[in-house]
Amino acid sequence: MSEAEQSPVDDFRQAFCRARQALIHELGAETYDQGEVLYRCSACGAATVLRDAFAGREVSGPIERFLVELTERWLKVRQSLDAKMCTRCQATGPLRALRAFYGHYLAEVGFDFGVDLEFIDETARVVSTWRMDARARVFRLRPPQSELDFHAQTGTYFDLRAGWRSLYSTFAEPDSRGDTVLSEVQSGYVIGVRTGVPGDENPERRHDPHLEHLISRFDQRTFDCVEFIGHTRAAPLPFHGDLAEEWLGPAWGPVSRGEVEIFVLADASEFLSCVEDLGSRRGIAVEWVSPSDDIHVAFHLEGLRLEANFSYPLMRTLHTGRTFYQGAKTFYGPLLDALEDAADILEKVQKNLGDYGVEVVDELVMRITAPAPDDTTEIGRWNLMTLAGRMAFQGSEGEAALLRLLGYDTKSGTFKKPEISLDRCLLCDAPARVGKVLRPKSLKGLDRENVVAVELGEHVVYYTLECPAHSAPIPPGRGRDVRVLEAAWSHGLDESTALLLETRTLTLPKGPAHLLVGYEFAAMVLETERLVALCRAASLMLTGKINVYAFHADAIVVSATPLDGQDRGAARNASLEAVAPRYPTRTWPLDVARPVDLNVEPRGRVERPS
Ligand SMILES: [Zn+2]
Ligand SMILES: [Zn+2]
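Residues numbered from 1 in each chain as written. Chains lettered and ligands numbered in written order. Predicted model: local features only at pLDDT ≥ 70, side-chain atom pairs only at ≥ 80, totals over all residues. Heavy atoms only, no water.

Some thoughts on the overall build of the chain
Filter applied, for reference: In this description a helix means any DSSP run of H or I spanning at least four residues, a strand means any run of E spanning at least two, and both kinds are numbered starting from the N terminus. Whether two residues touch is decided by their heavy atoms; if any such pair falls within 4.5 Å, the residues are in contact. Charge convention: Lys and Arg are scored as positive, Asp and Glu as negative, and His as well as the terminal groups of each chain are ignored. Each charge is placed at NZ for Lys, CZ for Arg, CG for Asp and CD for Glu.
Counting its secondary structure elements, the chain contains 15 helices and 30 strands. By sequence separation, contacts in the chain at least 24 residues apart represent 62% of the contacts at least 6 residues apart. The chain carries 68 positive and 89 negative side-chain charges, and their two centres are separated by 4 Å.

Structure follows, in structure tokens:
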């Protein structure tokens, strides 16, 4: 290749690196993977660049397999571009791919990992790889031949789960004599493999001078957390999916028998730093709440405060083979999204309401008061997380729906008692039916004054209007007492639609139970006809008297036999596992149990996500 032909490739590479740097500057740990392909007109040499964004993709290794997949999957479909005509010389026919670059950000070490690929006879191959630091300095790397090679060149793993498998291979090599091996994943996160003692219930207490010597290499750091992964005697973990059994490969056999121990040494404050970093990019501050037994963090944004568990996401991060950054993104990302939505709603209301007072009370509740001189008169209170939960208030239409929900009339600039019709959505006026939702009495932000509710022990049931897109509580008023709403609810059951997101059979010591996941499924504890329709749609062989449990608002567990204490614990954990990623702000405990008789005719539709 002559000098004159090389320069467009160099320009292309430099432009790619600049674009990556800008994206990293903007998104930090949330930077997604990108790829670019350079095409060239065979007649005049004019260049065309095509960019692919891989938002939301979680890479999986090992790296050597990933590199092959780049050439075989991504570049297979990108090797030629069906341009009708070259824009410069008007030559016809497809453009040939010349070169491609791929970037993957390693937040754990602050490097962007880059891959340079070329096309020879329409087949792509890796030319070289590089890492780019925060100051955009590029260091060439040998194309990594293995996960360990990748670690040696970058200081972290491409895929931590593949890293675990590689570390075990090192430990199990014939000439390794079973010496303990340790490897750093990121600051404050070290993984290790050592010989186990089958039956040892407290491996963390076993005297191990060799391990202590190895740990001393990681300077003054305090590892306040030692977790044995997949250890048989470990306390039952409150989660089920993504555990070592699923990704450890050949190492799982000896680990599950206790012959080999794999463990993490972690510094919880480094995990907190990653969560803080994630928040700070979005303008969200993180507060560390009283380091007692059950540590919490609280997120602050524009006067809002959202508290969340800390130990649970940390444990889950370690036991599911995720780095601190991956764990922070997976387990706190949805909460940060919801908090941003809530702040967005608050801002929209403040912008539209002119002289009215709009303020945050009780951390997440929006309070609106009348303009001066009546500014002590309260118009109403709304829980922002509830508002943000299911509704999209994007664009001018969304803004109008939001104001209508609050009862604000934009023409007159006043709050009006909304015209409520029991067959129309309060937000968008689409046909709607009366529904029910179940809440714990103690739920923060539950506005008892503005709902029509029935108490059931420690719980309340209140009525809502449900359209396909919205769910909003029905405010009390003339012609809307419990008797009327109960009749309307019963009348509308055939029109109800349940979106069944997941069905899982739980193998419990006393027999099987079934977990069914979907928005507001807990209400079906009180809606036997809908429950029958749901059980049939899920092909569950249940009839007659059964037991139904709602541990959370958006999942139910059904079982032919009552669950005892231990089974309930396991079922509650499975429920939490299923709802937490889907409804992160709605994981408060509900804990309702009820025997029901399925011997009724099913009512309502059940759908599955398309
Ligand atoms: Zn051309
Ligand atoms: Zn609606």
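Moving on from the coordinates now.
Notes on the pairing of strand β14 (residues 304-309)
Rules: Whether two strands pair comes down to DSSP finding at least two bridges between them.
Pairing of strand β13 (residues 296-301) with β14 involves 6 bridges; the strand directions are antiparallel. Residue pairing in the sheet places Phe299 in a bridge with Leu306 of β14. Once β13 ends, the chain turns through 2 residues before running back antiparallel as β14, passing Glu302 with a positive phi of about 45°.

Describing unusual backbone geometry
Phi is mostly negative for residues that are not glycine, and the peptide bonds are mostly trans. Going by this rule: Categorising residues by exposure relies on relative accessible area from a 1.4 Å probe, with only protein chains included: less than 20% of the type maximum marks a residue as buried, more than 50% marks it as exposed, and the intermediate range marks it as partly exposed.
Cis geometry marks the peptide bond from Gly61 to Pro62, where omega comes out at 10°. Positionally, Pro62 belongs in the loop between β2 (47-54) and α2 (63-74). Residues other than glycine seldom take positive phi values, yet Gln90 does so here, at roughly 65°. Within the element layout of this structure, Gln90 appears in the loop between β3 (80-81) and β4 (95-106). Residue classification places Gln90 among the partly exposed residues on the basis of a relative accessible area of 48%.

Describing helix α10 (residues 324-352)
Which entries qualify depends on this criterion: The span one expects for a helix is its residue count, reduced by one, times 1.5 Å. Bend, at a single residue, is the angle you get between axes fitted to the 7 residues ending at that residue and the 7 residues starting at it.
Given a rise of 1.5 Å per residue, 29 residues ought to cover 42 Å, and the 40 Å separating the end C-alpha atoms of α10 matches this to within 8%. Along α10, the helix axis deviates most sharply at Tyr332, where the bend reaches about 50°; the proline Pro334 sits within four residues downstream. Count one or two residues on from α10 and you reach Gly354, which has phi positive near 50°.

Considering the packing of aromatic side chains
Which entries qualify depends on this criterion: Note on aromatic pairs: the rings of Phe, Tyr and Trp (six-membered ring only in Trp) are paired at centre separations within 6.5 Å, and the planes decide the class, stacked below 30 degrees, edge-to-face beyond 60, tilted for the rest. Counted as over-ring charges are cases with an Arg CZ or a Lys NZ within 6 Å of the ring centre that also lie within 35 degrees of the ring normal.
Per the counting criterion, the structure on display carries 25 aromatic pairs. Look at Phe16 and Phe101: their rings are 5.7 Å apart centre to centre, the planes differ by 40°, and that puts the pair in the tilted class. A residue pair is termed long-range when its members are at least 10 positions apart, and Phe16 in helix α1 (residues 3-27) and Phe101 in strand β4 qualify at 85 residues. Residue classification places Phe16 among the buried residues on the basis of a relative accessible area of 1%. Ring centres of Phe150 and Phe158 lie 5.6 Å apart, and the angle between their planes is 70°; this geometry places the pair in the edge-to-face category. By the burial criterion, Phe150 is buried, and Phe158 matches it. An aromatic cluster of at least three residues, connected via ring pairs, comprises Phe54, Phe66, Trp74, Tyr102, Phe113, Phe150 and Phe158. Positioned above the aromatic ring of Phe139 is the side chain of Arg131, whose terminal nitrogen or guanidinium carbon lies 4.9 Å from the ring centre. It is Arg194 that lies over the ring of Phe263; its NZ or CZ is 5.8 Å from the centre.

Concerning the pattern of salt bridges
Opposite charge on two side chains permits pairing when their charged atoms draw close. We apply this condition: Basic side-chain nitrogens of Lys or Arg form a salt bridge, by our definition, when they fall within 4 Å of a carboxyl oxygen of Asp or Glu.
For the structure shown, the criterion picks out 42 salt bridges. Taking the shortest distance from any N to any O, the salt bridge between Asp133 and Arg137 comes out at 2.9 Å. Look at Arg137 and you get partly exposed, because its relative accessible area is 41%. Its salt-bridge partner being Arg206, residue Glu261 comes within 2.9 Å of it at the nearest N-O pair. Taken as a pair, Glu261 in strand β11 (residues 260-266) and Arg206 in the loop between β9 (189-195) and α5 (209-215) lie far apart in primary sequence, 55 residues in all. With relative accessibility at 23%, the residue Arg206 sits in the partly exposed group. A single network of salt bridges, built from pairs that share partners, joins Asp10, Arg13, Arg99, Asp116, Glu118 and Arg125.

Some points on helix α9 (residues 311-319)
For α9, a buried count of 7 out of 9 residues is recorded, marking the element as mostly surrounded by other parts of the structure. Residues of α9 that are buried: Tyr312, Pro313, Leu314, Arg316, Thr317, Leu318 and His319. In the segment just after α9, Gly321 is the residue with positive phi, at about 65°.

Remarks on the side chain of Arg586
In plain terms, the rule: Any pair of nitrogen or oxygen atoms within 3.5 Å is treated as a polar contact; in protein, a donor-acceptor pairing is required on top of that, and neighbouring residues in sequence qualify only through side-chain atoms on both sides.
Looking at where Arg586 falls in the secondary structure, it is placed in the loop between α15 (565-579) and β29 (592-597). A relative accessible area of 10% places Arg586 in the buried class. A polar contact of 3.2 Å, which involves the side chain of Arg586, links it to the side chain of Glu520. A polar atom in the side chain of Arg586 sits 2.8 Å from the side chain of Asp554. Apart from residues no more than four positions distant in its own chain, Arg586 is found in contact with Arg439, Tyr519, Glu520, Ala553 and Asp554.

Digging into the state of the cysteines
Cysteine pairs can be linked by a disulfide, which is a covalent bond between their two sulfur atoms. Put simply, the rule is: Cysteine sulfur pairs qualify as disulfides if the two atoms are within 2.5 Å.
Taken as a whole and assessed by the stated rule, the structure comprises 0 disulfides. Cysteine Cys225 is unpaired, with the sulfur of Cys274 as its nearest cysteine sulfur at 14 Å. Residue Cys225 is classed as buried on the basis of its relative accessible area, which comes to 9%.

Description of the pairing of β9
Burial within β9 is extensive, with 6 of its 7 residues counted as buried. Judged from the 5 bridges that link them, strand β8 (residues 181-186) and β9 form a sheet pairing that is antiparallel. Looking at the pairing, Gln186 lines up with Tyr189 of β9. Adjacent in sequence and paired antiparallel, β8 and β9 are bridged by 2 residues, among which Gly188 carries a positive phi angle near 80°. Across 7 bridges, β9 lies against β11 in antiparallel orientation. Residue pairing in the sheet places Arg194 in a bridge with Glu261 of β11.

Re the environment of Arg322
Inspection of the secondary structure puts Arg322 in the loop between α9 and α10. Sequence spacing of Arg322 and Tyr102 is 220 residues, and the spatial spacing of their C-alpha atoms is 22 Å. Filtering out sequence-adjacent residues up to four positions away, Arg322 remains in contact with Leu160, Arg161, Tyr189, Asp242, Thr317, Gly327, Thr330 and Phe331. Only 3.0 Å separates the side chain of Arg322 from the side chain of Thr320, close enough to count as a polar contact.

Observations regarding the domain arrangement of the chain
The line we're drawing: Start and end points for every domain follow an automatic or database-based domain assignment.
Partitioning the chain into structural domains gives domain 1 (3-154), domain 2 (160-266), domain 3 (417-495) and domain 4 (497-607). For domain 1 versus domain 4, the separation of C-alpha centres amounts to 47 Å.

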